[in-house]
Amino acid sequence: MRRALVRKLREKGIANEPVLNAIGKIPRHWFFDEIFVDHAYQDKAFPIAEGQTISQPYTVAFQTNLLDVKPGKKILEIGTGSGYQACVLLECGADLVTIEYKKNLSLLAQKMLKYMGYSPRFVIGDGSLGYDKLTPYDGIIVTAGAPTVPTALIEQLKVGGHLVIPVGDSKSQKMLRLTKMSDGTITKEQFSNFSFVPLLGEDGWKK
Ligand code: SAM
């Protein structure tokens, strides 16, 4: 089933081998309640606890590809959620810091990733402000839809680093990749539309 999912992602245009290998390796069904495991290898988002979602595999692959993760690069993920995206980033070699607003979700993800043998740094807090204790980051990925680009995330990025973030209204967001240039300017690339749960917090949609 995992191989079929990887085939589907290739058909949809994902060509990043480390990302595809990660998706081919990680048991996504472990993130599902037993009665829903049939949904685990379909290319769709699925509800998890606290009204949140485990992202669609295509979305995970698309964002991870844009982030251009290389082994040893320090990556900040905003929105740990189930922890599945975190596993993909870790399999691609990221030195990962992952922050989650909802304590219960973070604790569940911490338990699962420990069981799977992964050990990123978990933070519980408001990722719309980034995480300034470990700055700067080679890359920042936001896995919830933001109304605007939070300024702290730009500040916390290294020169040459990418910020991958969906920005838009509550129904639809455009995927953006912002890159910090050596002269301090920011370049912006726009990709297709996605639909994420809202980025909460001070520089998100508030509560
Ligand atoms: N990456 C996740 C996965 O693989 O399961 C997908 C997570 S879900 C689409 C988005 C997550 O962002 C939710 O768990 C939500 O609680 C979290 N979130 C929303 N606003 C946040 C914020 N300001 N800081 C940190 N996490 C936030």
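Scope of this entry: the structure provided in the associated data block. Since we're looking at a predicted model, the values are computed, not measured.

What counts, and at which threshold
- Starting afresh in each chain, residues are numbered from 1 along the sequence in its written order.
- Thresholds applied to this predicted model are a pLDDT of at least 70 for local features of residues and 80 or more for the giving and counting of side-chain atom pairs; totals over whole chains, interfaces and linings are not thresholded and use all residues.
- The side-chain figures draw on all heavy atoms in the structure; neither hydrogens nor water molecules are used.
- Only rings of Phe, Tyr and Trp enter the pairing, Trp through its six-membered ring, and a pair is recorded when the two centres are within 6.5 Å. The plane angle decides the type: under 30 degrees is stacked, over 60 is edge-to-face, the rest tilted.
- Starting at the N terminus, helices and strands are each numbered in turn, a helix being any DSSP run of H or I of at least four residues and a strand any DSSP run of E of at least two.
- Think of it in three bands: with a 1.4 Å probe and only protein chains considered, a residue is buried below 20% of the maximum accessible area for its type, exposed above 50%, and partly exposed in between.
- Think of a nonpolar core as a cluster: buried Ala, Val, Leu, Ile, Met, Phe, Trp, Tyr and Cys residues, connected wherever their side-chain atoms sit within 4.5 Å.
- Any two residues whose heavy atoms approach within 4.5 Å are treated as being in contact.
- Consider each residue's heavy atoms; a residue with any of them within 4 Å of a molecule or strand counts as near.
- Whenever a nitrogen or oxygen atom comes within 3.5 Å of another N or O atom, the pair is scored as a polar contact, on the condition that within protein one atom can donate a hydrogen and the other can accept it, and that pairs from neighbouring residues in sequence are kept only if both atoms are in side chains.
- The protein chains shown are the only cover counted for residues, whose accessible areas, like all others here, come from Shrake-Rupley with a 1.4 Å probe.
- Any residue that is not Ala, Val, Leu, Ile, Met, Phe, Trp, Tyr, Cys, Pro, Asp, Glu, Lys or Arg is counted as polar, Gly included; the first ten are nonpolar and the last four charged.
- We count a salt bridge whenever a side-chain nitrogen from Lys or Arg sits within 4 Å of a carboxyl oxygen from Asp or Glu.

## What to know about the packing of aromatic side chains
Then comes step 1: Tallying each qualifying case throughout the model produces 9 aromatic pairs.
Then comes step 2: An angle of 40° between the planes, with centres 5.7 Å apart, marks the rings of Tyr58 and Phe62 as tilted. Of this pair, Tyr58 and Phe62 both sit in helix α3 (residues 57–67), 4 residues apart, which is roughly one turn of that helix.
Then comes step 3: A relative accessible area of 14% places Phe62 in the buried class.

## Examining the nonpolar core
Then comes step 1: Within the largest apolar cluster, 41 residues are counted, with the highest numbers of intra-cluster contacts made by Ile23, Ile26 and Phe31.
Then comes step 2: Looking at this core, the elements with two or more residues in it are α1 (2–11), α2 (17–25), α3, α4 (84–91) and α5 (103–116).
Then comes step 3: Contact partners of Phe31, with chain neighbours within four places excluded, come to Ile26, Ile54, Ser82, Gly83, Tyr84, Cys87, Met112, Leu113 and Met116.
Then comes step 4: Within the second largest apolar cluster, 20 residues are counted, among which are Tyr137, Ala146, Leu176 and Leu178.

## With respect to the site of the ligand
Then comes step 1: The immediate surroundings of the ligand are formed by 28 residues, with Ser82, Gln85, Glu100, Gly127 and Leu200 found nearest.
Then comes step 2: Contact distances for the ligand include 2.6 Å between an oxygen atom and a side-chain N or O atom of Ser82.
Then comes step 3: Between the ligand and Tyr101, the relevant distance is 3.2 Å, taken from a nitrogen atom to a main-chain nitrogen or oxygen of the residue.
Then comes step 4: Protein contact buries 100% of the 590 Å² of open area that the ligand shows by itself.
Then comes step 5: Elements with a contribution of two residues or more to the shell around the ligand: β2 (53–54), β3 (74–78), α4 and β4 (95–100).
Then comes step 6: When the residues that make up the shell around the ligand are grouped by side-chain class, the tally is 11 nonpolar, 13 polar and 4 charged.

## Looking at the pattern of salt bridges
Then comes step 1: One pass over the structure, following the stated rule, counts 7 salt bridges.
Then comes step 2: A salt bridge links Asp68 to Lys70; the shortest N-O distance between them is 2.7 Å.
Then comes step 3: By relative accessible area, which is 40% here, Asp68 ends up partly exposed.
Then comes step 4: Taking the relative accessible area as the measure of exposure, Lys70 reaches 40% and is therefore partly exposed.
Then comes step 5: Of the charged contacts in the structure, one is a salt bridge between Arg177 and Glu189, with a shortest N-O distance of 2.8 Å.

That is the geometry; function is a separate question.
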